Amino acid sequence: MSRIEQLIGEIEEYIDSCKPQAFSNTKIVVNKEELEELLVELRLRIPDEIKKYQKIISQEDAILNEARSQASAMLEEANAQTNELINEHEIMQKAYAQANQIIEEAQAQAQQIVDSAVADADNIRQSSIDYTDDMLKSLQTIIRHSMDEAGGYFNSLQSSLQSSYDIVTSNREELSGSVSAVQEEEA
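Remember, it's a predicted structure, so these values are computed and weren't measured experimentally.

### What about the overall build of the protein chain?
Then, number 1: Of regular secondary structure, the protein chain possesses 3 helices and 0 strands.
Then, number 2: Its helices and strands in sequence order give the protein chain the pattern α-α-α, from N to C terminus.
Then, number 3: The C-alpha radius of gyration of the protein chain comes to 38 Å, more than 25% above the 16 Å expected for a compact globule of 187 residues.
Then, number 4: Counting only C-alpha atoms, the protein chain reaches 145 × 25 × 25 Å along its principal axes.
Then, number 5: Expressed as a percentage of its 187 residues, the buried residues of the protein chain come to 21%.
Then, number 6: Across the protein chain, contacts joining residues at least 24 apart in sequence account for 73% of those joining residues at least 6 apart.
Then, number 7: Accessible surface, the protein chain as shown: approximately 13900 Å² in total, 51% of it carbon and sulfur.

### Examining the pattern of salt bridges
Then, number 1: Under the criterion given, the structure shown has 3 salt bridges.
Then, number 2: R125 serves as the salt-bridge partner of D122, at 2.9 Å between the closest nitrogen and oxygen. Placement of both D122 and R125 in helix α3 (residues 92-186) is noted, with a separation of 3 residues, approximately one turn of the helix.
Then, number 3: Here D148 ties to R144 by a salt bridge, and the two come within 3.7 Å at their closest N and O atoms. Of this pair, D148 and R144 both sit in helix α3, 4 residues apart, which is roughly one turn of the helix.
Then, number 4: D148 gets classed as partly exposed once you look at its relative accessible area, which sits at 47%.

### Some thoughts on unusual backbone geometry
Then, number 1: Its identity is not glycine, yet F23 carries a phi of approximately 65°, on the positive side.
Then, number 2: Topologically, F23 is positioned in the loop between α1 (3-17) and α2 (32-87).

### Concerning α2
Then, number 1: Under the 1.5 Å per step criterion, the end-to-end length of α2 is 84 Å for 56 residues, consistent within 8% with the ideal 82 Å.
Then, number 2: Two to three positions downstream of the cap, the backbone nitrogen of E33 sits 3.0 Å from a side-chain oxygen, assigning the N-cap of α2 to N31.

Criteria and cut-off values
Residues numbered from 1 in each chain as written. Predicted model: local features only at pLDDT ≥ 70, side-chain atom pairs only at ≥ 80, totals over all residues. Heavy atoms only, no water. Helix = DSSP H or I, 4+ residues; strand = E, 2+ residues; numbered from the N terminus. Rg over C-alpha atoms; globule rule 2.2 N^0.38 Å. Buried < 20%, exposed > 50% of the residue type's maximum accessible area, 1.4 Å probe, protein only. Contact = heavy atoms within 4.5 Å. Areas by Shrake-Rupley, 256 points an atom, 1.4 Å probe, with all protein chains shown as cover. Salt bridge = Lys/Arg side-chain N within 4 Å of Asp/Glu carboxyl O. Expected span 1.5 Å × (residues − 1). Polar contact = N/O pair within 3.5 Å; in protein donor to acceptor, adjacent residues only side chain to side chain.

Keep in mind these values describe shape, not function.
Right, here's the structure in full:
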């Protein structure tokens with residue numbers, strides 16, 4: 001398990017361990033500093049993971065060079081065997097046939113090795129892209145969740161303040177009505 005996956009797990013555990021907000025089943029109270037520390041570490045780790053997968057992708061050239069080297073060695077061996085067979089008069093025809101067969105097999109094997117190396121490199125590249133996309137998707141989900149939660153807190157605060165404002169306004173109106181009634185009685 002990579003450090004990024006561990007960090008995402010820690011963030012999820014942290015969110016699960018947070019206390020629920022008063023009078024709410026879906027909202028929680030989050031320590032902003034702890035969550036920001038986890039997100040900062042996650043941001044720092046993503047470039048390291050990407051470098052790791054870029055290194056794997058860069059090995060594609062080494063795999064292809066090794067395949068080409070093996071193919072060249074096979075071709076040289078086939079040529080050596082062909083020259084040896086040609087030097088013998090009695091089996092000249094057989095030498096040509098075997099040499100051609102060896103060359104074809106060597107070329108087929110070389111092509112197979114190159115094709116396999118290219119397929120492996122493509123698979124590694126696609127896996128790296130998929131993994132990075134999954135990590136970014138998880139981060140995006142965490143950020144969206146945090147934004148939604150913050151919006152909920154703001155709406156809750158605004159609703160609470162509006163309720164208090166309405167009560168104060170109502171009390172002032174009652175008080176104003178009482179003062180007017182007292183002044184009329186005195187008059």
